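For reference, the chains in residue letters:
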Amino acid sequence: MSARRGSKGHRRKLPIIEKSATGISGLDEITGGGLPSGRPTLLCGSAGCGKTLLSMTFLFNGVTLYGEPGVLIAFEERPEDLIKNVGSLSFDLEQLIADGKLAIDHIQVDRNQVEESGEYDLEGLFIRLGYAIDSIGAKRVVIDTIETLFGGLSNESVLRSELRRLFEWLKGKGVTAIITGERGEGALTRYGLEEYVADCVILLDHRVQDQLSTRRLRIVKYRGSSHGTNEYPFIIDEDGITVMPITSSGLGHDASTERVASGIPDLDEMLEGQGFFKGSSILVSGMAGSGKSTVAAHFAESICAAGQSCIYFAMEESPQQIMRNMRATGLDLQRRVDQGLLHFIARRPNLYGLETHLAAMHREIGRLTPAAVVVDPLSALMSAGVVGDVHAMVLRLVDYLKSRQVTALFTSVGGVQVETASTDMQISSLMDTWLLLYNRESNGEHNRQLYLLKARGMAHSNQVREFLITGEGIRLREAYIGPDGVVTGSARLAQEAKDRAALLVREQEMQQRARRLERRRSETSAQIDLLRAQLESEEAEVRLLNSEGQEREAQLGVDRSAMAVSRSGRRRAPAQRPAINVNGGG
């Protein structure tokens, strides 16, 4: 019998580690449900990386979301300072303390006053902490920070034994604990011991690269549980801590056959008359001034007009400027904002690092659950990282959006060449549909053209269209082919005039030929009538001659009969005259 199976026919239920949810968006996902229940977790990192804030969020959510009272033992910050520090996150700690759901105990340890003499133990801390736990029935405990507690000791064996005692004591109390520790030189913590006795170790990192800061989180170890092993960016703002749990969603997302209108009817006609696929990624690239933002705004308007929500991530323009500019094209985006359907989120690309931008977008998408997302322009993120990092960030963002069936439209500024079909960020292969806007110079003017380079999964037009931005929106005119190829702008007007003149000449020549033909037809008809009359006259003359001939033949017949009688000697008997009545009788 296999050791992994119980009795025949069914599995025996095996014991597993229970977990306590932190309530922190993203962290519970990468830990598989939260921190290990009834066990200590070491939270380490350098100054300013968010250890205390994450710990306070763990306690606050434990009380408000899961009904688990908590205790905070602070060695550095006073209770009143802690209460003020988290007040900006709408954490009302004073009310929780008043309700008996939270206890904060500040223990001041001055390292200058610590002197090693005799044996050192933590019995005093255990008594104080045990009283706080029992007084409110705490299920969660935070000790911030452990270095302060052992700051004056140099005996490594004492440190190791007392750390182990502390962790075992917390396990014995059955509380889920977070113990914060400062990052050491070449080790996760200052003493390099804590990570070995903790069941779960979380490392926070705050790095600065090219003058841009990024906070990252990594699960170093988690005994008895699977967990995410990558570095995950997280942000701290007025909404608290948000961890970006998705490094890449993979390729297991669904592919919808539902269509989404582009907001430009002429463009939809080029896409089988139906628009983009739902959940697809669309790239609109081109040089500055080619109309990319206008295309993006029309797409956002179309989504909102269908009663669905859209997030517009603006990287270079303020929402007010975008709405003002779009009014010139007949779009009233302010109305969609007032309806709560269009959400503008404007941030300069150099405000954060790439990972922080990704985490912020992830959080907003998760909070607003939009049907579509616009990033305008995506190429602005080049200032926040190198090409490889930007490509990786876009890949992760595209995978995340596809996993949620969110249709995404990205704009990109750059010198894109139709012949090479590539972008500066090398992201075109990630996109399902690629629109290229081009400014062509001819006759001293620039004219816009639209190329539909690819549209996966659908038949699409391969024509180059003239791209017009009018007061009533965007129009795509049919390609006009002149002697030298596609012509636009004034060259198109001139060529159209030439073609109309040539057409007029051809029409006049056709009319002249038609009139000549009509005259010839009339002349021929008159000749036919004359010949017909001559023919009829001749026919009448022939009939007359025939009649006369027949009469002569008949007379000749009579004459021959008379001659025959005369030759036979016979006389014709005279005709008898009627008798006359002399008496006058009748």
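Remember, it's a predicted structure, so these values are computed and weren't measured experimentally. Counting from 1, residues in each chain are numbered in the order their sequence is written. Local features in this predicted model are restricted to residues whose pLDDT is 70 or higher, and side-chain atom pairs enter the listing and the counts only when it is 80 or higher, whereas totals over whole chains, interfaces and linings include all residues. Hydrogens and water molecules were not included; the side-chain quantities draw on all heavy atoms of the structure.

Chemist: Outline the environment of Met361, supporting the account with residue identities and numerical values.
Modeler: Numbering of helices and strands runs from the N terminus; a helix is a DSSP stretch of H or I covering at least four residues, while a strand is a stretch of E covering at least two. Positionally, Met361 belongs in helix α13 (residues 354-368). For the pair formed by Met361 and Phe313, sequence separation is 48 residues and the distance between their alpha carbons is 8.3 Å. Leave out the neighbours within four places in its chain, and Met361 touches Phe313, Met315, Val375, Met393 and Leu397. What makes two residues a contact is simply this: any of their non-hydrogen atoms within 4.5 Å.

Chemist: Residue-level account of the pairing of strand β18 (residues 407-413), with values.
Modeler: Taking burial as the measure, the seven residues of β18 include six buried ones, the bulk of the element. Across six bridges, the pairing between strand β14 (residues 281-286) and β18 is parallel. By the bridge assignment, Ser285 is partnered in β18 with Ser412. In this analysis, strands are considered paired if DSSP registers two or more bridges between them. As paired strands, strand β17 (residues 372-376) and β18 are joined by four bridges and run parallel to one another. Across the sheet, the residue bridging to Ala372 is Thr407, located in β18. Exposure is judged per residue with a 1.4 Å probe applied to protein chains only, and the accessible area is read against the type maximum: over 50% gives exposed, under 20% gives buried, and values in between give partly exposed.

Chemist: Go over the packing of aromatic side chains, please, and point to the residues and values.
Modeler: Pairing of aromatic rings covers Phe, Tyr and the six-membered ring of Trp, with a centre-to-centre limit of 6.5 Å; geometry is then stacked below 30 degrees between planes, edge-to-face above 60, and tilted otherwise. Applying the stated rule across the entire model yields five aromatic pairs. For the ring pair Tyr438 and Tyr451, a centre distance of 5.7 Å and an interplane angle of 75 degrees mean the geometry is edge-to-face. Separated by 13 residues along the polypeptide, Tyr438 in strand β19 (residues 433-442) and Tyr451 in strand β20 (residues 445-455) bring together distant segments of the chain. In this structure, Tyr438 and Tyr451 share a single accessibility class: buried. Cation placement over rings: the criterion is NZ of Lys or CZ of Arg within 6 Å of the ring centroid and within 35° of the ring normal. The ring of Tyr222 carries Lys19 above its face, with NZ or CZ at 4.8 Å from the centroid.

Chemist: Describe the nonpolar core, naming the residues involved and giving the relevant values.
Modeler: One finds Leu267, Phe299, Cys310, Tyr312, Leu333 and Leu342 to be the most contacted residues of the largest nonpolar core, which totals 39 residues. With sequence-adjacent residues up to four places away left out, Leu267 is seen in contact with Ser262, Phe276, Leu435, Leu450 and Leu476. As used here, the term nonpolar core means buried Ala, Val, Leu, Ile, Met, Phe, Trp, Tyr and Cys residues forming a set that is joined through side-chain atoms within 4.5 Å. Among the nonpolar cores identified, the runner-up in size contains 36 residues, and Ala74, Leu102, Val142 and Ile202 belong to it.

Chemist: Break down the pairing of strand β6 (residues 140-144) for me, with residues and values.
Modeler: Most of β6 is tucked away: five of the five residues are buried. Neither face of β6 is open: one carries Arg140, Val142 and Asp144, the other Val141 and Ile143, and all of them are buried. Bridge analysis of strand β4 (residues 70-74) against β6 gives five bridges, and the strand direction is parallel. If you follow Gly70 over to β6, its bridge partner there is Arg140. With four bridges joining them, β6 and strand β7 (residues 176-182) adopt parallel strand pairing. Bridged to Ile143 within β7 is Ile179.

Chemist: Explain the sheet that holds β6 to me, using residue names and the numbers behind them.
Modeler: Two pairing modes exist for strands in a sheet, parallel and antiparallel, and in both the strands are linked by backbone hydrogen bonds. The strand order β5-β4-β6-β7-β3-β8-β9-β10-β11 describes an open sheet built from nine strands, whose pairing is mixed. Strands at the two margins of the open sheet, each flanked by one partner only, are β5 (102-106) and β11 (240-243). Taking the axes of each pair of neighbouring strands and ignoring which way they run, one obtains an average angle of 20 degrees across the sheet. As a rule, the C-alpha atoms of each element are fitted with a line to give its axis, helices using only the stretch in contact, and angles between N-to-C directions run from 0 to 180 degrees. Against the sheet, helix α5 (residues 123-136) contacts β4, β5 and β6, and its axis sits at roughly 150 degrees relative to β4.

Chemist: Describe the state of the cysteines, with residues and values.
Modeler: Cysteine sulfur atoms that pair up within 2.5 Å are treated as a disulfide. All chains considered together, the criterion is met by zero disulfides. Not part of a disulfide, Cys310 finds its nearest cysteine sulfur in Cys304, a span of 5.6 Å.

Chemist: Hey, could you go over the pattern of salt bridges for me, with residue numbers and the actual values?
Modeler: Throughout this description, the term salt bridge denotes a Lys or Arg side-chain nitrogen within 4 Å of a carboxyl oxygen of Asp or Glu. Evaluation of the coordinates by the stated rule reveals 22 salt bridges. Among the salt bridges present, the one from Arg521 reaches Glu518, with a minimum N-O distance of 2.7 Å. Of the two residues, Arg521 and Glu518 are both situated in helix α15 (residues 489-567); the distance of three residues between them amounts to about one turn of the helix. The exposure class assigned to Glu518 is partly exposed, which follows from its relative accessible area of 40%. Taken together, the shared-partner salt bridges connect Arg39, Lys171, Asp199 and Arg223 into one network.

Chemist: Mind laying out a negative patch on the surface, listing which residues take part and the relevant values?
Modeler: Patch building starts from residues that exceed 30% relative accessible area and form no salt bridge, then joins like charges within 9 Å and nonpolar side chains (Val, Leu, Ile, Met, Phe, Trp, Tyr) within 5 Å. For accessible areas, the Shrake-Rupley method is used with a probe of radius 1.4 Å. Any residue's cover is judged against the shown protein chains and nothing else. The convention is simple: Lys and Arg are positive, Asp and Glu are negative, and His and the chain ends are not counted. In plain terms, the charge of a residue is placed at NZ if it is Lys, CZ if Arg, CG if Asp and CD if Glu. On the surface, Glu536, Glu538, Glu539 and Glu541 cluster together to form a negatively charged patch. Its location among the elements puts Glu539 in helix α15. Residue Glu539 is classed as partly exposed on the basis of its relative accessible area, which comes to 38%.

Chemist: Go over the side chain of His298, please, and point to the residues and values.
Modeler: Its location among the elements puts His298 in helix α10 (residues 292-305). Assessed through its relative accessible area of 6%, His298 is described here as buried. Counting of polar contacts relies on pairs of N or O atoms within 3.5 Å, with two restrictions inside protein: one atom must be capable of donating a hydrogen and the other of accepting it, and residues adjacent in sequence are counted only when both atoms are side-chain atoms. A polar atom in the side chain of His298 sits 2.8 Å from the backbone oxygen of Thr294. Those residues in contact with His298, other than ones at most four positions away along the chain, are Ser262, Gly263, Ile264, Thr329, Leu331, Gly473 and Ile474.

Chemist: I'd like a description of the packing of α13 against helix α14 (residues 387-403), backed by residues and values.
Modeler: Between α13 and α14, whose axes approach to 10 Å, the crossing angle comes to 10 degrees. Judged by the inter-axis angle, α13 sits roughly parallel to α14. Note that α13 runs across α14; the crossing there is right-handed. Contacts between α13 and α14 pair Leu354, Glu355, His357, Leu358, Met361, His362, Ile365 and Gly366 from the former with Asp389, Val390, Met393, Arg396, Leu397, Tyr400 and Leu401 from the latter. Note that the term roughly parallel is reserved for angles under 35 degrees, roughly antiparallel for angles over 145, roughly perpendicular for angles of 65 to 115, and oblique for everything else. Crossing handedness is defined as follows: a turn of the near helix away from the far one that is anticlockwise and smaller than a right angle gives a left-handed crossing, while the clockwise case is right-handed.

Chemist: Break down α5 for me, citing the residues and quoting the values.
Modeler: Take the number of residues in a helix, subtract one, and multiply by 1.5 Å to get its expected span. For α5, with 14 residues, the first-to-last C-alpha span of 20 Å sits near the 20 Å given by 1.5 Å per residue. Every buried residue belonging to α5 is among Leu125, Phe126, Leu129, Gly130, Ala132, Ile133 and Ile136, and all of these are buried. Looking down the long axis of α5, one finds its buried residues gathered within 165 degrees of arc, a one-sided arrangement. In α5, the exposed positions that point more than 90 degrees away from the buried face belong to Gly124, Ile127, Tyr131 and Asp134. Gly137 lies just past α5 and shows a positive phi near 65 degrees. The arc under discussion is defined with respect to the helix axis, by the directions toward the C-beta atoms.

Chemist: Outline helix α11 (residues 319-327), supporting the account with residue identities and numerical values.
Modeler: Restricting attention to buried positions, one finds in α11 the residues Pro319, Ile322, Met323 and Met326. Mapping the buried residues of α11 onto a view down its axis gives an arc of 95 degrees, with all of them on the same face. Next to the buried residues of α11 lie α10, β15 (310-314), α12 (333-338) and β16 (342-346).

Chemist: Could you give an account of the environment of Gly240, naming the residues involved and the relevant values?
Modeler: As for its position among the elements, Gly240 is in strand β11. Gly240 sits in the buried class, given a relative accessible area of 5%. It is 7.8 Å that separates the C-alpha atoms of Gly240 and Thr57, two residues lying 183 residues apart in sequence. Ignoring anything within four residues of it in the chain, the contact list for Gly240 reads Leu89 and Ile235.

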